[in-house]
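If you want the building blocks of each chain, they are given just below.
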Amino acid sequence: VLLTIGVLWSGSAAVLTWFEEYILHLAPLIGMTLLIRQLALRRWIHPSIGKMKLQWKPTVLVFATWPIYTLSWFMAIFRVPLRFQPTPKSSTGSLHPAWVLPQIITTMLLLTGLVVSLVMTNTWNLLVFGFALGQIAAQLSLLSDWLRLVRVAPRTSPDFSPSPHP
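We now turn to the structure provided with this report. Remember, it's a predicted structure, so these values are computed and weren't measured experimentally.

1. Brief notes about the overall build of the chain
Across its full length, the chain holds six helices and zero strands. Shown N-terminal to C-terminal, the secondary structure of the chain runs as helices and strands in the order α-α-α-α-α-α. Taken over 166 residues, the chain has a buried fraction of 29%. By element, 71% of the accessible surface of the chain is carried by carbon and sulfur atoms, the whole surface being about 11,300 Å².

Here you go:
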């Protein structure tokens, strides 16, 4: 995501072309990863699940919540405790807007990066723009889940106080 933002904001046709080649080389890896995942799920699916479909929602959820995983990783390295926070998939409480701010910022940077790239380079790199639009769609999917949750549950504030357990 950050690389895509950097490429779009570079304003260079050469950088866009390089990134397009990078995406072309990345496509077989992405395709094989999705194929292996689908075959594994089909082979070891639980009988209660029923018919196997393309698992795009879990993939989007993992992709769109990258800031949370990054923050958690840094907090684990520096041993910073944090109490449990509800996530967009939680039905017991609302999620504070601070937790989805990275998705909002990322979406805005990608959208404005698309405009900047088009204006500065005056070229249409369809693969790069499609890749950026896919990332925007993933972020918007998570944001729409959050908005749906905001309408249902009362708002709570994030608890950044240390956990009582070491």
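From this point, things continue past the structure.
2. Brief notes about the layout of surface pockets
Estimated volume of the largest pocket: approximately 640 Å³. Forming the boundary of the largest pocket are 22 residues, of which Ile30, Leu34, Thr59, Phe63 and Phe131 lie nearest the centre. Looking at the lining of the largest pocket, the elements with two or more residues in it are helix H1 (2-10), helix H2 (13-43), helix H3 (56-64) and helix H6 (126-152). Here the lining of the largest pocket takes eight residues from H2, the largest share from any one element. Classifying every residue of the lining of the largest pocket gives 15 nonpolar, six polar and one charged.

3. Side note on helix H5 (residues 101-121)
Taking 1.5 Å per residue, 21 residues should reach 30 Å; H5 reaches 29 Å between its end C-alpha atoms and fits that length. When we look at burial in H5, the residues that qualify are Gln103, Thr106, Thr107, Leu110, Gly113, Leu114, Val116, Ser117 and Thr121. Of the residues trailing H5, asparagine 122 is marked for its positive phi of about 55 degrees.

4. Side note on the nonpolar core
Ile5, Val7, Leu8, Leu16, Phe19, Ile23, Leu110, Leu114, Val128, Phe129, Ala132 and Ile136 form the largest nonpolar core, which has 12 residues in total. Looking at this core, the elements with two or more residues in it are H1, H2, H5 and H6. By residue number, the principal contributor to this core is H6, which donates four residues. Apart from residues no more than four positions distant in its own chain, isoleucine 5 is found in contact with Thr106, Leu109 and Leu110.

Rules used in this analysis
Residues numbered from 1 in each chain as written. Predicted model: local features only at pLDDT ≥ 70, side-chain atom pairs only at ≥ 80, totals over all residues. Heavy atoms only, no water. Helix = DSSP H or I, 4+ residues; strand = E, 2+ residues; numbered from the N terminus. Buried < 20%, exposed > 50% of the residue type's maximum accessible area, 1.4 Å probe, protein only. Areas by Shrake-Rupley, 256 points an atom, 1.4 Å probe, with all protein chains shown as cover. 1 Å grid on protein atoms, 1.4 Å probe; cavity = no way out; pocket = protein on both sides within 12 Å on 5 of 7 lines; lining within 4 Å. Points joined across faces, edges and corners; volume = space filled by probe spheres on them. Nonpolar A, V, L, I, M, F, W, Y, C, P; charged D, E, K, R; others polar. Expected span 1.5 Å × (residues − 1). Core = buried A, V, L, I, M, F, W, Y, C linked by side-chain atoms within 4.5 Å. Contact = heavy atoms within 4.5 Å.

Everything listed here is a matter of geometry and, on its own, says nothing about what the molecule does.
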